[in-house]
Amino acid sequence: MNRMIRVVSSMFILVTILMTGCAQKTPYATTTMQPQPTAAPRESIVVEKTVEVQMEGFVPGASTGGTDEPNDQPYGDVFFENYGVNPRIDTEDDKFSTFAVDVDTASYTVMRRLINDGYLPDKDSVRVEEYVNFFEQGYESPTESAFGITIDGAPSPYVENYHLVRIGLKGYEVSAEERPDVVLTFVIDVSGSMDMENRLGLVKDALELLVEQLRPTDEIGIVVYGSRAHVVLEHTPVEDANTILRAIRRLEAEGSTNAEEGLEEGYRLARQHFNPEAVNRVILCSDGVANVGRTGPESILEVIREYAEKDIYLTSIGVGMGNFNDVLMEQLANDGDGFYAYVDDIKEAERIFVHRLPSSLQVIARDAKVQVEFNPDVVSRYRLIGYENRDVADDDFRNDEVDAGELGPGHSVTALYEVKFEADADPQATALTVYLRWEDPNTGTVTEISRSAARNDLSDEFAESDPRFQMTAVVAQYAEILRQSYWAKDAGIELEDVARDAQRIAEYLPRDQDVQEFVQLAVKAIDLSPTQ
């Protein structure tokens, strides 16, 4: 989606929180941005690519769980944005599908938090690609390029006469020993709202985990912000870990939330200690609410963009519910050439900062984007499932000035398409070609690779395909149901069907704890559904 459109829409959202106190709750329910309703497309109608489908559905669950709030919401002051649902496209009208890569996973862990609290997630909190990209996909690491492309698929178990095609990207691996040094600047929200639910305590525990994983030659500086921002620790080598940990443990919540000043001070400190031989990254830990200083997104995002262009990356870590702004946290990461994660418990912090540390810190590709070209002689229609807010104009795929996504070593990205094949098409003819284009952050060299696939390259039966592909299809369908997608409603698939499929597939992946946990979440969602 065009950055300016994102900014304008989010400005409307954030203006509603200008008077919201961080230290004190106010009786607002969940706030979302909705696209204008459009007529539900039919299979016999050609839908233009720019159409966003808005549908009727069951009453959405609350944004999160915990304590009762006004208007029967378990929490108030929770901000999400509805980006619509991608339509099916006739390839004769548009044979290209183009999007920026996305490695965020926050939407999935927000859902996990809500389900475990006993609530279905707000439909506008669901970004399908973040559900899918949370899971291990089993792609092989590339050997001849920085990235590899995988294409597989099978007949859809949910939509008659359609196939599901999985497009996977995988970056080369970098061990903890091989990664460059890092210069990290923690920007920590210590406003009053961070005292709720022990949010600041969770942030402190998470950052201690990170410090324990770093090398002695890495450096850490700390900026905090409440009503005002200030430096609590100048950049210190991790060999002096005790000094760093003492600074973290002494943090206490107080005051309002001057996010703009906090980020400005954090980037100023990061720039002052910039090391061109290292990875320079700001790590923002917050619930995303801004109510002091300039609170509009444009003023904050201007700061982010300026420093992102100077090779200082941003990671935004969201915590808490109630007084939580998912929209701002995601946009900050997008404009800061980084990623957005939501930490619902210490295990998630461990997953990000321990098990996936190199990919969480280092960048091996900037402005990475994907273009899929469908052959109209073989494919009659297609639909990209998710990535609604990562859309890139087809003509901008080779425009290297257009902002896209960033990838770290070992990162994998998955996109799932619904595809309808022409009945009389040659099964050995090329059905689609996937192009991946990115810039090397060290040399500035732009590289483009591609891979093609025919219908014969896909499995004949869904149940006989790769179990991880099957799980991807199930997770995507689960997300489609939760966000009340027209297409899920039209297919007549229920949460019970998804849970049943997940239980079957999980038997093939017994050691994958994320898969096993997903089965439990899918079963819990059934009991939380309004139809029960």
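Residues numbered from 1 in each chain as written. Predicted model: local features only at pLDDT ≥ 70, side-chain atom pairs only at ≥ 80, totals over all residues. Heavy atoms only, no water.

Caption draft 1: Structural view of the packing of aromatic side chains. According to the stated counting rule, one finds 16 aromatic pairs in the structure shown. Ring geometry for Y108 and F135: centres 5.2 Å apart, planes at 80°, overall edge-to-face. Placement of Y108 in helix α2 (residues 106-117) and of F135 in the loop between α3 (128-132) and β4 (147-155) is noted, with a sequence separation of 27 residues between them. Taken individually, Y108 and F135 each receive the classification buried, so the pair is uniform in this respect. Here the aromatic cluster, defined as three or more aromatic residues joined through ring pairs, consists of Y108, Y131, F134, F135, Y478 and F518. The ring of Y162 carries the charged tip of R88 above its face, separated from the ring centre by 4.4 Å. (Phe/Tyr/Trp six-rings, centres within 6.5 Å; stacked < 30°, edge-to-face > 60°. Helix = DSSP H or I, 4+ residues; strand = E, 2+ residues; numbered from the N terminus. Buried < 20%, exposed > 50% of the residue type's maximum accessible area, 1.4 Å probe, protein only. Lys NZ or Arg CZ within 6 Å of the ring centre and 35° of its normal.)

Caption draft 2: Here's a closer look at the pattern of salt bridges. Across all of its chains, the model carries 33 salt bridges by this definition. Note that E418 is salt-bridged to R383, the shortest N-O span being 3.4 Å. You can see E418 sitting in strand β16 (residues 412-421) and its partner R383 sitting in strand β14 (residues 379-385), a full 35 residues away along the chain. With relative accessibility at 4%, the residue E418 sits in the buried group. Residues participating in the shared-partner salt-bridge network are R88, R383, E388, E418, E480 and R483. (Salt bridge = Lys/Arg side-chain N within 4 Å of Asp/Glu carboxyl O.)

Caption draft 3: Just α2, in detail. With 12 residues, α2 extends 17 Å between its outermost C-alpha atoms, agreeing within 8% with the 16 Å of an ideal straight helix rising 1.5 Å per residue. Among the 12 residues of α2, 10 are classified as buried, and the element is accordingly described as predominantly covered. Those residues of α2 not exposed but buried are A106, S107, Y108, T109, V110, M111, R112, R113, L114 and I115. Contact partners of the buried residues in α2: α3, β12 (339-342), α9 (346-355), α11 (467-482) and α14 (513-528). Downstream of α2 by a residue or two, G118 has a phi angle that is positive, lying close to 100°. (Expected span 1.5 Å × (residues − 1). Contact = heavy atoms within 4.5 Å.)

Caption draft 4: The sheet that holds β4, seen in detail. Taken in spatial order, the five strands line up as β2-β14-β16-β5-β4 in an open sheet, and their pairing is antiparallel. Only two strands of the sheet have a single neighbouring strand rather than two, namely β2 (89-90) and β4. Bridging between β4 and strand β5 (residues 163-171) involves nine bridges; their strand directions are antiparallel. Within the sheet, the bridge partner assigned to D152 lies in β5 and is R166. (Pairing = 2+ DSSP bridges.)

Caption draft 5: Examining the pairing of strand β9 (residues 279-286) more closely. Here β9 lies mainly inside the structure; eight of its eight residues are buried. Taking every second residue as pointing to the same face, both faces of β9 are buried, with V279, R281, I283 and C285 on one and N280, V282, L284 and S286 on the other. In the sheet, strand β6 (residues 182-189) pairs with β9 via seven bridges, with the strands oriented parallel. Looking at the pairing, I188 lines up with C285 of β9.

Caption draft 6: Highlighting the packing of helix α4 (residues 199-213) against helix α5 (residues 241-249). At a closest axis distance of 10 Å, the pairing of α4 and α5 adopts a crossing angle of 170°. Considering the angle they form, α4 stands roughly antiparallel to α5. Residues K204, L207, E208 and V211 of α4 lie in contact with α5, whose contacting residues are A241, I244, L245, I248 and R249. Classifying every residue of the contact of α4 with α5 by side-chain character gives six nonpolar, no polar and three charged. (Axes fitted to C-alpha atoms, helices over the stretch in contact; angles between N-to-C directions. Parallel < 35°, antiparallel > 145°, perpendicular 65-115°, else oblique. Nonpolar A, V, L, I, M, F, W, Y, C, P; charged D, E, K, R; others polar.)

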